[in-house]
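Observations on chain architecture
If you want the building blocks of each chain, they are given just below.
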Amino acid sequence: MRPLVSQSEDPAAIAFPGATGHAAIAAFCHSAHDNSEVCPPVPVPCQVAQASACGVERSSTISRLKKVAEGVLELLREIGDENAYARHLSAHAVAHSPAEWRKCSEERFRAKYQKAKCC
Amino acid sequence: MPFFQRVIWIALACCAAICLGAIAFSRGEHINSLWLVAAAACTYLVGYRFYGKFIAARVMALDDKRATPAERLDNGHDFVPTNKWIAFGHHFAAIAGPGPLVGPVVAAQFGYLPGTLWIIAGAVLGGAVQDFVILFASMRRDGKSLGQMAREEIGKVGGFIALVTVLMIMIVLLAVVALVVVNALVGSPWGTFTIAATMPVALFMGLYLRYWRPGKVLECSAIGFLLVLASVFGGQWIAGSPYAPTFTLSAMTLAIAIIIYGFLASALPVWLLLAPRDYLSTFVKLGVIGMLAIGIFVVRPDLQMPALSRFVDGTGPVLAGKVFPFCFITIACGAVSGFHALISSGTTPKMISRETDATQIGYGSMLLESFVAIMAMIAACSLDPGVYFAVNSPAGIVGKTAEAAVKTITGWGFPVTVQQMADMAHHAGEVTLFGRTGGAPSLALGMAHIFARGGGGDAVLGFWYHFAIMFEALFILTIIDAGTRVGRFMLQDLLGHVWKPLGRTSWMPGVIGASAFVVIGWGYFLIQGVRDPLGGINSLWPLFGIANQLLAAIALSLATTIILKMHGPKFMWITCVPLVWLVLVTFTAAYEKIWSPAPRIGFLAQAAQLEATGAATAAVRAQIFNNQLDAVVCGAFMLLVAIILLDSLRLWFGIIRGTAESRVSESPFVPTQLNAEEA
């Protein structure tokens with residue numbers, strides 16, 4: 001493990017006098033793209049170190065989770081025949097109405113329940 | 001393949017080998033369930049990446065430039081190009097039924113090892129291959145059904161026999177799953193109220209969806225789920241109230257109630273009961289399977305059952321017969337299931353937008369289903385073995401009183417006490433858990449323990465037990481309802497050739513008559529199971545397993561014929577190996593079920609034993625007749641499949657010799673427009 005340098009000889013603190021501790025180290029590493037001994041071996045809190053990179057990572061994680069959730073919802077809609085109904089409305093160029101739903105679901109059920117359900 | 005990827009795959013293969021070795025060679029100490037999970041997951045990944053992809057590339061030569069039926073015949077209804085993950089989920093939801101949950105629980109009597117190895121190997125080398133090849137074949141033939149393909153590729157005999165076999169299997173299947181529900185609810189006011197309450201909930205959902213909020217299926221299902229959850233709590237209240245005796249029903253009363261229900265439900269409009277409950281049960285099923293997976297990862301229970309129990313010798317109380325062949329027919333869904341071939345040649349091939357998606361959907365879904373079976377095995381084997389056998393052994397084997405049962409089971413080397421069972425029944429909210437055969441109660445108990453250990457402990461055991469029973473019964477009742485309806489359609493289709501009005505699905509006398517005929521068919525076997533002193537599961541589950549695996553033999557015969565026509569004998573082994581194994585297993589099991597001299601195994605031996613007692617009561621005469629009938633049904637299954645096999649063999653030899661036509665009847669190649677549009 002690389003040792004952290006003391007505060008007095010810390011080049012990061014010299015380079016960024018306003019910042020202290022982790023913030024100074026993070027700012028130094030970030031600005032210099034430095035991988036020298038000064039850069040901490042321990043993870044630096046996300047808020048201060050490479051904030052923009054963390055932000056990108058977080059937002060990409062969120063967007064990935066969002067995508068998964070959307071996928072699950074889409075699957076539930078497919079299983080629940082809501083997607084089939086949407087396709088029915090667009091294929092026949094009609095607006096949603098109770099009568100259209102009944103027509104669509106009856107057609108769908110007729111095909112669906114002519115086949116055995118799996119054991 | 002890049003070096004790094006190669007290292008990862010070698011590591012996964014080594015991990016699979018180490019975990020399989022650990023579960024296979026571990027003796028005398030409890031192993032953690034994560035060994036099973038890791039063994040299964042690593043084997044599936046390696047199997048999918050190498051075997052599945054090999055079949056896709058070399059045997060099927062899947063071609064993304066070729067338009068699928070979903071694209072060519074897109075009609076917005078059944079033919080619709082669908083995202084592969086959605087098609088995967090849809091297909092998995094369609095193939096996952098009670099089979100992969102109940103079968104492993106029943107087979108756990110042999111110990112966890114035989115069932116686990118069969119589930120993993122059977123799925124990778126047999127079940128997934130069957131599902132994948134049939135899905136591919138149907139996709140290349142405009143989504144044709146198994147029967148249609150059998151007729152075109154093998155001959156008219158094959159097609160007709162496939163139809164008759166499916167009808168017979170359905171009769172046996174419906175009886176078995178109904179018996180599972182009966183055994184789960186007998187003497188349980190909490191469970192009976194909960195399940196009874198799902199009927200008005202489904203009716204409410206039907207009306208809600210039809211008249212109040214048309215098209216809002218997810219919203220309606222969410223409300224339905226809250227209502228069935230409330231019914232679980234309501235059941236707890238009922239069990240402690242003066243109304244408890246009203247919902248404490250005998251096995252025979254429950255059987256009659258389910259028969260009446262089956263008849264009414266199949267004659268009622270689909271939108272009123274079947275469809276809303278089908279939506280709900282599918283969502284609940286997917287949710288509970290996900291919950292169980294998370295529960296197993298969080299709790300990581302130790303397996304209490306030995307790797308191999310003493311019952312591999314055929315003297316098992318849950319199901320009589322040696323580990324070979326009976327373990328392999330007890331676990332059908334989860335390893336190899338012929339029923340999946342019906343789904344793979346039904347809705348799914350009409351949804352696939354790109355040919356290469358078929359690997360994930362056909363091969364991958366079966367692997368996931370197999371993983372569900374592994375989870376069921378873990379849930380059953382994490383129970384104390386004494387408790388497992390006390391729950392699953394019929395009174396006819398272990399004795400009618402609690403004291404007699406614990407003495408017998410403890411004598412087998414699986415210690416259990418009356419107090420232990422009483423405490424467990426108390427926590428589960430039941431009067432007793434002795435003799436609750438069928439697999440569903442012990443699965444529910446295993447699941448409840450896993451969920452309760454995740455938080456709440458014994459205080460919430462009763463809730464989770466009845467939640468699991470509700471989950472199992474919910475989709476079993478949907479299968480009964482839909483199965484009776486499908487049986488009625490098939491029967492009307494056949495009878496329509498005799499007299500045209502009988503074939504009309506809108507002619508009420510025809511509808512009622514055919515429904516009654518189908519209900520009487522499975523109802524007869526259900527009553528037989530209820531009356532059987534050895535527990536109906538002992539006779540009916542093997543019958544169902546044999547039938548289901550024989551259907552798989554038909555599907556694999558068709559798959560072999562198609563591969564033979566495509567490539568000659570070069571790749572025949574891919575489907576021939578599982579086919580030979582299944583024929584060996586099912587024919588041995590069927591032979592033993594008919595001819596074994598052991599009365600608990602052989603139907604005819606049991607009939608002879610009953611005759612030898614000299615008792616001429618109506619009940620004994622009925623038992624003798626039932627055993628003879630089971631033997632005839634078993635023999636009929638063997639005969640039908642033997643005809644298809646011989647017909648296929650004749651064709652295969654003809655193709656290899658060059659005397660039979662080897663033209664595949666695929667739809668002509670049409671280039672896809674989807675990729676062009678995407679580009």
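It should be emphasised that the depicted structure is a prediction, and the values quoted were computed from it without experimental measurement.

Here the focus is the overall build of chain A. If you tally the helices and strands in chain A, you get five helices and zero strands. Along chain A, from the amino end to the carboxyl end, the secondary structure elements read α-α-α-α-α. The buried share among the 119 residues of chain A stands at 21%. Of the contacts made within chain A by residues no fewer than 6 positions apart, 26% connect residues no fewer than 24 positions apart.

All names here are of chain A. With 15 residues, helix α5 (residues 98-112) ought to run about 21 Å at 1.5 Å a step, and its terminal C-alpha atoms sit 20 Å apart, in line with that. Among all positions of α5, only W101, C104, S105 and K112 are buried. Angularly, the buried residues of α5 cover 95 degrees about the axis, an arc narrow enough to put them on a single face. The outward face of α5, more than 90 degrees from its buried face, is lined by the exposed residues A99 and R110.

With that settled, consider the nonpolar core. Residues and elements named next belong to chain B. V172, A175, A178, A390, L443 and A448 are the most contacted members of the largest nonpolar core, which totals 246 residues. With 20 residues, helix α21 (residues 461-495) is the single largest residue contributor to this core. The residue makeup of this core includes at least three contributed by each of domain 1 (1-66) and domain 2 (67-73 + 86-141 + 151-186 + 249-297 + 329-352 + 364-657). Ignoring sequence-local partners within four residues, the contact set of V172 consists of F525, L540, L543, F544 and A547.

Turning our eyes to something else, we now look at the interface of chain B and chain A. On the side of chain A, 31 residues touch chain B, which itself brings 44 residues to the contact. Residue assignment for the side of chain B that touches chain A shows that the elements contributing at least two residues are α4 (84-95), α8 (156-185), α10 (217-239), α12 (274-299), α14 (339-344) and α21 of chain B. Across the side of chain B that touches chain A, the residue classes tally to 26 nonpolar, 15 polar and three charged.

Residue and element names in this part refer to chain B. With their axes 10 Å apart at the nearest point, α8 and helix α27 (residues 618-657) run at an angle of 155 degrees to one another. With respect to each other, α8 and α27 are oriented roughly antiparallel. For the pair α8 and α27, the sense of crossing is left-handed. In contact with V157, G158, I161, V164, T165 and M168 of α8, α27 contributes F637, L640, I643, I644 and D647. When its residues are assigned to classes, the contact of α8 with α27 shows eight nonpolar, two polar and one charged.

Let's shift gears to the domain arrangement of chain B. Residue and element names in this part refer to chain B. With domains assigned, chain B is organised as domain 1 (1-66) and domain 2 (67-73 + 86-141 + 151-186 + 249-297 + 329-352 + 364-657). Taken together, the contact pairs 17 residues of domain 1 with 20 residues of domain 2. Elements represented by at least two residues in the side of domain 1 that touches domain 2 include exactly α1 (3-25) and α2 (33-59). With 13 residues, α2 is the largest single contributor of residues to the side of domain 1 that touches domain 2. Here the residues of the side of domain 1 that touches domain 2 sort into twelve nonpolar, four polar and one charged.

What follows is about helix α26 (residues 603-612) of chain B. Buried within α26(B) are the following residues: B:F603, B:Q606, B:A607 and B:L610. For α26(B), the buried positions fall inside an angular range of 100 degrees around the axis, keeping them on one side.

So, on to unusual backbone geometry. Excluding glycine, most residues fall at negative phi; most peptide bonds, likewise, are trans. Residues and elements named next belong to chain B. A cis amide bond, omega 10 degrees, links F324 with the succeeding residue P325. Tracing the chain through its elements places P325 in helix α13 (residues 323-330). With a phi close to 50 degrees, A61 is a non-glycine residue in the positive phi region. One can find A61 in the loop between α2 and α3 (69-72). For A61, a count of 12 C-beta atoms within 10 Å puts it in the exposed group.

A separate point is the packing of α13(B) against helix α24 (residues 536-567) of chain B. Residue and element names in this part refer to chain B. With their axes 8 Å apart at the nearest point, α13 and α24 run at an angle of 75 degrees to one another. Overall, the two elements α13 and α24 adopt an arrangement that is roughly perpendicular. In this structure, α13 uses F326, I329 and T330 to contact α24, whose residues at the interface are W541, P542, G545, I546 and Q549. Here the contact of α13 with α24 is built from residues that sort into five nonpolar, three polar and no charged.

Should the pLDDT be low somewhere, the predicted coordinates at that spot are not to be read in detail. Averaged over all residues, the pLDDT of chain A is 69; the fraction at 70 or higher stands at 54%. Note on residues 1-46 of chain A: pLDDT is under 50 here. Beyond four places in sequence and across chains, it has 44 contacts.

Its location among the elements puts B:Q606 in helix α26. C-alpha separation for the pair B:Q606 and B:V288, spaced 318 residues apart in sequence, amounts to 40 Å.

Reading the values: rules and limits
Residues numbered from 1 in each chain as written. Chains lettered and ligands numbered in written order. Predicted model: local features only at pLDDT ≥ 70, side-chain atom pairs only at ≥ 80, totals over all residues. Helix = DSSP H or I, 4+ residues; strand = E, 2+ residues; numbered from the N terminus. Buried ≥ 20, exposed ≤ 12 C-beta atoms within 10 Å, placed from the backbone. Contact = placed C-beta atoms within 7 Å. Expected span 1.5 Å × (residues − 1). Arc of directions from axis to C-beta. Core = buried A, V, L, I, M, F, W, Y, C linked by C-beta atoms within 7 Å. Domains from an automatic or database assignment. Nonpolar A, V, L, I, M, F, W, Y, C, P; charged D, E, K, R; others polar. Axes fitted to C-alpha atoms, helices over the stretch in contact; angles between N-to-C directions. Parallel < 35°, antiparallel > 145°, perpendicular 65-115°, else oblique. Left-handed = near helix turned anticlockwise from the far one by under 90°. pLDDT = per-residue confidence, 0-100.

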